[in-house]
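Fold and contact review
The chain contents come next:
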Amino acid sequence: MNLIHDSFARLFPEKDFPYQPELEYNRRLSDFNANIRLYNNILKVSLNLQWKDIDDEIKIGLIQSLLLKILKKKGHTRNIVLYNNFLRNIPALTLKTKNDPLLEASFARVNQQFFQSQLQQPNLKWGTASFRKLASYNFHNDTIAVSTLFNDAKPQILDFIMYHEMLHKFHKFKHSNGRSAFHTREFREAEHSYPGHEKIEKEITAIIRMKKLRRSWWRR
Ligand SMILES: [Zn+2]
């Protein structure tokens, strides 16, 4: 039985499968990533090589999540639940290879103040000098990356940025009908419980403005 066909049949038992399925494993995709494409009736699913040894029932959940996305449909299956549970456990299975003293100190402060030091430390690294993406949490490789714009920021600023990403790790992502929502109402409420967050957000905006100006000055 073809894995893609099987995923579709379990998701839409009443429908015919009108596609030509193609499944490939490759090394180009990043850790535990996957994508789906539909062209000329060929339904192609590409999975990072790491998926190869993972149980078929979990892979079916992954493929079903991709199918729902590309077909713009809603649905929920036992396999999708299995897949989401598997994703939640990736951080615990991921080897921690990246660290940085400044980010680690910030993580420890925020963990103690807001998470009773219960959050497991992810990989911590500086990202690029991005003005658009100030920081991110990638659950595929359990990594918090912070824009280098903040490598000279005071601890209060760094901690708030860290807190936001730690909330992502803490909440993971809320699933409703196979779709992910990152900044849920619950997430925003937690974020706004941070003492003095309004003042800090204004300071962050000011830092960005100043660094943009400085950049354009040096480029002249
Ligand atoms: Zn966010």
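Further up the page is the structure itself.
Okay, so let's go over this structure. Note that the structure is a prediction, hence the values are computed from the model and not measured. (Residues numbered from 1 in each chain as written. Predicted model: local features only at pLDDT ≥ 70, side-chain atom pairs only at ≥ 80, totals over all residues. Heavy atoms only, no water.)

1. Quick notes on the sheet that holds strand 6 (residues 143-146)
Pairing is mixed in the open sheet, where three strands are placed in the order 4-6-5. Strands at the two margins of the open sheet, each flanked by one partner only, are strand 4 (123-126) and strand 5 (135-138). Pairwise comparison of adjacent strand axes, ignoring direction, gives a mean angle of 15 degrees for this sheet. Note that strand 5 and strand 6 share four bridges and pair antiparallel. (Pairing = 2+ DSSP bridges. Helix = DSSP H or I, 4+ residues; strand = E, 2+ residues; numbered from the N terminus. Axes fitted to C-alpha atoms, helices over the stretch in contact; angles between N-to-C directions.)

2. Concerning helix 6 (residues 185-192)
Where helix 6 is concerned, the buried positions are F187, A190 and E191. The buried residues of helix 6 all sit within an arc of 100 degrees when viewed along its axis, so they share a single face. (Buried < 20%, exposed > 50% of the residue type's maximum accessible area, 1.4 Å probe, protein only. Arc of directions from axis to C-beta.)

3. Overview of the packing of aromatic side chains
This model, assessed by the stated rule, comprises 14 aromatic pairs. Within the aromatic cluster, the residues linked to one another by ring pairs are F114, F115, F160, Y163, F170 and Y194. Taking the ring centre of F12 as reference, the NZ or CZ of K15 above it sits at 4.5 Å. (Phe/Tyr/Trp six-rings, centres within 6.5 Å; stacked < 30°, edge-to-face > 60°. Lys NZ or Arg CZ within 6 Å of the ring centre and 35° of its normal.)

4. Remarks on the sheet that holds strand 2 (residues 34-39)
Here we have three strands laid out as an open sheet, ordered 1-3-2, and mixed in their pairing. Strand pairing shows two members of the sheet lacking a second neighbour, strand 1 (20-26) and strand 2, which therefore form its edges. Sheet twist, expressed as the average angle between the axes of neighbouring strands with direction ignored, equals 15 degrees. Note that strand 2 and strand 3 (residues 42-48) share six bridges and pair antiparallel. In the strand pairing of strand 3, N35 is matched with S46. Its contacts with the sheet place helix 1 (residues 3-11) against strand 1 and strand 3, and it is angled at close to 120 degrees to strand 1. (Contact = heavy atoms within 4.5 Å.)

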